[in-house]
Protein chains: 2
Amino acid sequence: MPQLYHYPFCPFSRRIRLALGEYGASFELIEEEPWAKRADFMILNPTGEIPVLVDNDGSIAAGIYAVSEYLDELYSAASDVTLLPGSLAERAEVRRLVDWFDHHFYVAVTGNLITEKVYKRFMAPEQGGGAPDMLRVRQSMGNIAGYMQHIDWLAAERSWLAGDNISSADLCAAAHLSCIDYLGDVPWQYHENAKDWYARIKSRPSFRPILADHIRGLNPSAHYTDLDF
Amino acid sequence: MPQLYHYPFCPFSRRIRLALGEYGASFELIEEEPWAKRADFMILNPTGEIPVLVDNDGSIAAGIYAVSEYLDELYSAASDVTLLPGSLAERAEVRRLVDWFDHHFYVAVTGNLITEKVYKRFMAPEQGGGAPDMLRVRQSMGNIAGYMQHIDWLAAERSWLAGDNISSADLCAAAHLSCIDYLGDVPWQYHENAKDWYARIKSRPSFRPILADHIRGLNPSAHYTDLDF
């Protein structure tokens, strides 16, 4: 069975777990603390980043870009399911949005919030662990509104974020948002279209394991698992 | 003819110019200053990032991830040329390295050097232009050695950086290095294998337009265009 090295509150890992769910794939989850930089794990991915996929034949895909494209090549050839649907141009739109969520939204919002509020709880002091930097938290909270407005606009204009069909763009956005929704940090009340879109994706069977994730010592927001929040 | 919005000293744009050269494609170059965030350009890519490709039928691919995958899908279907060669696992290795160069090497080295030494020469003061921040330049120069060691190791172990064949990983690394080689900032003398690999890729016809680029008021390093440097 393919093995996925992941961390429950890493948005990149969550996207791959959702993708494997959508493809209907069976896989083994191995939890890897992204800050630990374990020597054995660095052999699989020299940057120490998760997710990393080790396939049945020993093939390795390391990092979100390699893993997501590897899986879509594999499963779209073997089944009817693709998370990069449509024409060349439609696939380019999916990838544009994925890039935006993984490299802009992550840097401005989700990366800071999960590092400060989640990762630092479990990191040793010499790894940078400790109390959250509240200035960084406040700055990230201030950055959310602009991103939510754009997600809201996409959700209002299109069936799914990148077009007519569900795609990696939806899983990517939902993976990032789900991490900070656990923390209660998504201002859903101002973004009804985004909320409706998220309720739809949250109701899919692939999302169930994500909703069952639990941070030791930190309970989820009241609506985290509520499908009609 | 497809149009590529690019900037001559943007490493992401350079990779796409190299790729188009390898595919044997004809295209029109439109220079776009990445810091200008022109309103008309933001319609093509709301993040304002280059490169952006506008194909003959009006299809748009925006940002390095979308453009590079779009072009490989298009040209590998139409010709024998692919920059993502080999098996699923070999393609994953190409993408792992591309990710490393575009998101680690760029953040630690190339992005800072071209911003401080090139972009800020042409940016207006209100855009952040002016004299380079020498602390940032020195920090980036200090980061180069580790990356060069790894490139040197890859070049010693493999025919090309990701394996037996030339791939996007080679174009990506060469695109980043070429920007800072113009500035004379690559310590080639300590990395012979990397130097031999770069001499090979620099000799390809696709590289000629890159070597002809010129920054107004700033001459290239003595060996920038020398194929036997």
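Every value quoted in this text rests on a predicted model; they were computed, and no experiment measured them. (Residues numbered from 1 in each chain as written. Chains lettered and ligands numbered in written order. Predicted model: local features only at pLDDT ≥ 70, side-chain atom pairs only at ≥ 80, totals over all residues. Heavy atoms only, no water.)

### Concerning empty space enclosed by the protein
On inspection of all chains with the given rule, the structure shows 6 cavities of 30 Å³ or more. The volume enclosed by the largest cavity comes to roughly 160 Å³. Lining the largest cavity are 15 residues, and of these Y65 and H103 of chain A together with Y65, D99 and H103 of chain B lie nearest its centre. When residues of the lining of the largest cavity are traced back to their parent elements, those giving at least two are α3 (64-78) and α4 (88-122) of chain A together with α3 (64-78) and α4 (88-122) of chain B. Among the residues making up the lining of the largest cavity, the classes are represented as 6 nonpolar, 3 polar and 6 charged. (1 Å grid on protein atoms, 1.4 Å probe; cavity = no way out; pocket = protein on both sides within 12 Å on 5 of 7 lines; lining within 4 Å. Points joined across faces, edges and corners; volume = space filled by probe spheres on them. Helix = DSSP H or I, 4+ residues; strand = E, 2+ residues; numbered from the N terminus. Nonpolar A, V, L, I, M, F, W, Y, C, P; charged D, E, K, R; others polar.)

### Some points on the interface of chain A and chain B
Tallying the contact residues gives 26 residues for chain A and 26 residues for chain B. At the boundary of chain A with chain B, total buried surface from both sides reaches about 2500 Å², with 62% on carbon and sulfur atoms. The three residues of chain A that bury the most area against chain B are Y65, L88 and R95 of chain A, which together make up 28% of that side's buried surface. Counting every contact that joins chain A to chain B gives 6 salt bridges. (Contact = heavy atoms within 4.5 Å. Buried area = accessible area lost by both parts, 1.4 Å probe. Salt bridge = Lys/Arg side-chain N within 4 Å of Asp/Glu carboxyl O.)

### So, the packing of aromatic side chains
In the structure shown here, the tally under the stated rule is 35 aromatic pairs over all chains. Relative to Y198 of chain A, the ring of W197 of chain A has its centre 6.1 Å away and its plane inclined at 50 degrees; by these criteria the two rings are tilted. Residue W197 of chain A shares its accessibility class with Y198 of chain A, and that shared class is buried. When the ring of Y198 of chain A is compared with that of F229 of chain A, the centres are 6.1 Å apart and the planes differ by 85 degrees; the resulting orientation is edge-to-face. Of this pair, Y198 of chain A sits in helix α7 (residues 192-202) while F229 of chain A sits in the segment after α8 (208-211); the two residues are 31 residues apart in sequence, bridging distant segments of the chain. The ring of F9 of chain B has R14 of chain B sitting right over it, with the charged end atom 4.6 Å from the ring centre. It is K195 of chain B that lies over the ring of F229 of chain B; its NZ or CZ is 5.2 Å from the centre. (Phe/Tyr/Trp six-rings, centres within 6.5 Å; stacked < 30°, edge-to-face > 60°. Buried < 20%, exposed > 50% of the residue type's maximum accessible area, 1.4 Å probe, protein only. Lys NZ or Arg CZ within 6 Å of the ring centre and 35° of its normal.)

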